[in-house]
Amino acid sequence: MKVRITQDVSDPDWLALRGAFIPELDQHQQQAFLKSFAASSVGFAGLVAQDDGGNAMGFAEVSVRTDYVNGCQYRPALYLEGIYVAPQYRGRGVASALCAAAERWGHEHGCREFASDVYLDDDNSLAAHAGLGFEETERVAYFRKPITQS
């Protein structure tokens, strides 16, 4: 398995995997999102795992965050923005390889901590993060209230 790092938001493997991960967005919307995210980030990269035949198996997206990151003590922090492994490649260490490569990239960018977030009811992601070596630091519920004109 090979993990390559890219910042090319038109990378066909990255876009194809994102399309499987977030099917409600077409390729142009995926690319526009990545361009916007990259432009607003101090550091942003996609990591693509490929098998020995060059087939894309999964991706991770990471950013360098310089603002406060929940549960982290140090800035900047590496942030796992998204990770996906195609179903036929799950259970083969692809996510671990992606995260290990991401950590190396983050270290090169001055990061001392690797953070992520998961919805509280997403048991699969919670288990996957624990299996990848992340430790839960806190739980949060977000609230909103519309402001009405009086």
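Residues numbered from 1 in each chain as written. Predicted model: local features only at pLDDT ≥ 70, side-chain atom pairs only at ≥ 80, totals over all residues. Heavy atoms only, no water.

### A closer look at the sheet that holds strand β5 (residues 114-115)
If you trace the five strands from one edge of the open sheet to the other, you get β1-β2-β3-β4-β5, paired in mixed fashion. The strands lining the two open edges of the sheet, one partner per strand, are β1 (2-6) and β5. Bridge count between strand β2 (residues 43-50) and strand β3 (residues 56-65): eight bridges; the pairing is antiparallel. Within β3, the residue paired with Ala-45 across the bridge is Val-62. Helix-sheet contacts for helix α2 (residues 27-39) involve β2, β3 and β4 (77-85), and the interaxial angle to β2 is about 135 degrees. (Pairing = 2+ DSSP bridges. Helix = DSSP H or I, 4+ residues; strand = E, 2+ residues; numbered from the N terminus. Contact = heavy atoms within 4.5 Å. Axes fitted to C-alpha atoms, helices over the stretch in contact; angles between N-to-C directions.)

### Re helix α1 (residues 12-21)
Burial in α1 covers these residues: Trp-14, Leu-15, Leu-17 and Arg-18. The arc that holds every buried residue of α1, seen down its axis, measures 165 degrees, which confines them to one face. Summarising the geometry of α1, the exposed residues directed more than 90 degrees from the buried face are Pro-12 and Ala-16. Where α1 is buried, its residues touch β1, α2, β2, β3 and β4. (Buried < 20%, exposed > 50% of the residue type's maximum accessible area, 1.4 Å probe, protein only. Arc of directions from axis to C-beta.)

### A few points about α2
The first and last C-alpha atoms of α2 sit 18 Å apart over 13 residues, in line with the 18 Å expected at 1.5 Å per residue. Among the residues of α2, those classed as buried are Gln-30, Gln-31 and Leu-34. Across the axial projection of α2, the buried residues extend over an arc of 95 degrees, all falling on one side. Turned more than 90 degrees off the buried face of α2, the exposed positions are His-28 and Ala-39. (Expected span 1.5 Å × (residues − 1).)

### Some thoughts on the packing of α1 against α2
Where α1 contacts α2, the two axes come as close as 10 Å, and the packing angle between them is 110 degrees. Overall, the two elements α1 and α2 adopt an arrangement that is roughly perpendicular. Contact residues: Trp-14, Leu-15, Arg-18 and Gly-19 in α1; Gln-27, Gln-30, Gln-31, Phe-33 and Leu-34 in α2. A class-by-class count of the residues in the contact of α1 with α2 yields four nonpolar, four polar and one charged. (Parallel < 35°, antiparallel > 145°, perpendicular 65-115°, else oblique. Nonpolar A, V, L, I, M, F, W, Y, C, P; charged D, E, K, R; others polar.)

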